[in-house]
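Letter by letter, the chains look like this.
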Amino acid sequence: MTNQEEHLKNLSEIRSLMERSSRFISLSGLSGVFAGLFALAGAVAAFVYFNLGVFSDVRYYEYADGRTTGLPLDFYTFFFLDAFSVLFLSLLVGFILTRKKARKAGLKMWDKTAQRLLINLFIPLATGGIFCLILLKHGGIAFVAPATLVFYGLALLNASKYTFNDIRYLGISEIVLGLISLYFVDYGLLFWAMGFGVLHIVYGTMMYFKYER
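Here the residue numbers are simple positions, counted from 1 along each chain's written sequence. Given that this is a predicted model, residues contribute local features only at a pLDDT of at least 70 and side-chain atom pairs are listed and counted only at 80 or more, while totals for whole chains, interfaces and linings are drawn from all residues. The side-chain numbers reported here are obtained from all heavy atoms of the structure, hydrogens and water having been left aside.

> For this particular structure, what's the right way to read the overall build of the chain?
Only DSSP runs of H or I with at least four residues qualify as helices, and only runs of E with at least two residues qualify as strands; both kinds are numbered from the N terminus onward. In terms of helices and strands, the chain carries 7 helices and 0 strands. Taking all contacts inside the chain whose residues are at least 6 apart in sequence as the whole, residues at least 24 apart take part in 74%. Residues count as neighbours in contact if any of their non-hydrogen atoms are within 4.5 Å of one another.

Printed below as a string of structure tokens:
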């Protein structure tokens, strides 16, 4: 090995160490794929439960006014359980796959970088959650789905500096989709499925083949 090759190798190792210390690189792309699949399953469950067509004349949020008569669960109870199931399964599988990737790479899953990532992710998410509750309080249920997309995108954008840069583009995509959804508010549930379902699957697959294969 020549001195130049050895020098380049040392620089590469230093760069790798710096990246590990400043970015959370144990995030699994497959966790994004599974999160997208769970989100699509949750959206399909909502369409089936309320017997809605994708482009139905009856908008999903209109069932909040009492159109769910005869169904086992009312609108809010069903959507709470549906959303909680999607979130719980996504976090559980994400945790398992990320821990597996971290162990395989010989990295710690929980360190200062992971803490900074979660803090920067949590602040916009918590703000968005409070904002959505206020919307519900004032009868703005039709805007909840678009708002979740926008705030989730902001959260990803805010946290992207502590992990892969690809997350930044996912965040921007979620924001754009959320803003479009705010204009076509009647199809909020469909846009929600596209944002949390399709985009997660696409970006998760890209990250998997780019960083894990």
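> Sorry if this is basic, but what is going on with the nonpolar core here?
A general trend in soluble globular proteins is that nonpolar side chains are found buried together. In this description, a nonpolar core means a group of buried Ala, Val, Leu, Ile, Met, Phe, Trp, Tyr and Cys residues linked to one another through side-chain atoms lying within 4.5 Å. Any residue under 20% of the maximum accessible area for its type is buried, any over 50% is exposed, and the rest in between are partly exposed; the area is computed with a 1.4 Å probe on protein chains only. In this structure, F50, Y60, F75 and F79 are the most contacted members of the largest nonpolar core, which totals 32 residues. Elements that contribute at least two residues to this core include exactly α2 (29–49), α3 (75–105), α5 (144–159), α6 (166–183) and α7 (188–212). A per-element tally of this core places α7 first, with 7 residues. C132, L135, V144 and F151 belong to the second-largest nonpolar core, a separate cluster that totals 5 residues.

> Help me understand the packing of aromatic side chains, please; the structure alone is not making it clear to me.
In this description, a pair of aromatic rings is defined by centroid distance and the angle of the planes. Put simply, two rings from Phe, Tyr or Trp (the six-membered ring, in Trp's case) pair if the centres are within 6.5 Å, and we call them stacked under 30 degrees between planes, edge-to-face over 60, tilted for the rest. Under the counting rule described, the total for this entry stands at 13 aromatic pairs. Taking 6.2 Å as the distance between ring centres and 15° as the angle between the ring planes, the aromatic pair formed by F84 and F88 counts as stacked. Taken together, the residues span about one helical turn, with F84 and F88 both in helix α3 at a distance of 4 residues. F88 sits in the partly exposed class, given a relative accessible area of 47%.

> Just to check I follow, could you spell out the environment of G153 for this structure?
Relative to the assigned elements, G153 resides in helix α5. Judged by its relative accessible area of 0%, G153 falls in the buried class. Separated by 21 residues in the primary sequence, G153 and E174 place their C-alpha atoms 4.8 Å from one another.

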